Amino acid sequence: MMTLVTGIVGIAMVLGFLGTLVWWIKALPFTIIVVVVVLLLVYDFVRTLRYGESGAGR
């Protein structure tokens, strides 16, 4: 439960910061990079919640 709460707070803070940067810079390549990085961040967060720190294993 602690991972869920701290993860959501951290992601919200990063989104606020990156959203401000995207708003001020307004360059398409930068915006694309930020969107891809945020998607990877959310994907990693969901996998960490589902499988734990050690991952799903192979």
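Look a little higher up for the structure.
Here's a quick rundown of the structure. (Residues numbered from 1 in each chain as written. Predicted model: local features only at pLDDT ≥ 70, side-chain atom pairs only at ≥ 80, totals over all residues. Heavy atoms only, no water.)

**Points about helix H1 (residues 2–25)**
(1) Moving on: For H1, built from 24 residues, the straight-helix expectation of 34 Å at 1.5 Å per residue is met to within 8% by its first-to-last C-alpha distance of 34 Å.
(2) Moving on: Looking at H1, one finds that the buried residues are Gly 7, Ile 11 and Leu 18.
(3) Moving on: The elements touched by buried residues of H1 are helix H2 (28–51).
(4) Moving on: Lys 26 sits one or two positions beyond H1 and adopts a positive phi of about 55 degrees. (Helix = DSSP H or I, 4+ residues; strand = E, 2+ residues; numbered from the N terminus. Expected span 1.5 Å × (residues − 1). Buried < 20%, exposed > 50% of the residue type's maximum accessible area, 1.4 Å probe, protein only. Contact = heavy atoms within 4.5 Å.)

**Things to note about H2**
(1) Moving on: Look at H2: 35 Å from first C-alpha to last across 24 residues, which is about the 34 Å you get at 1.5 Å a residue.
(2) Moving on: The set of residues buried in H2 consists of Val 34, Val 38, Phe 45 and Thr 48.
(3) Moving on: Lining the buried residues of H2 we find H1.
(4) Moving on: After H2 finishes, the residue Gly 52 shows a positive phi value of roughly 90 degrees.

**Remarks on unusual backbone geometry**
Negative phi is the rule for most residues except glycine; trans is the rule for most peptide bonds.
(1) Moving on: Despite not being glycine, Lys 26 shows a phi value in the positive range, around 55 degrees.
(2) Moving on: Residue placement: Lys 26 occurs in the loop between H1 and H2.
(3) Moving on: The exposed category is assigned to Lys 26, whose relative accessible area is 61%.

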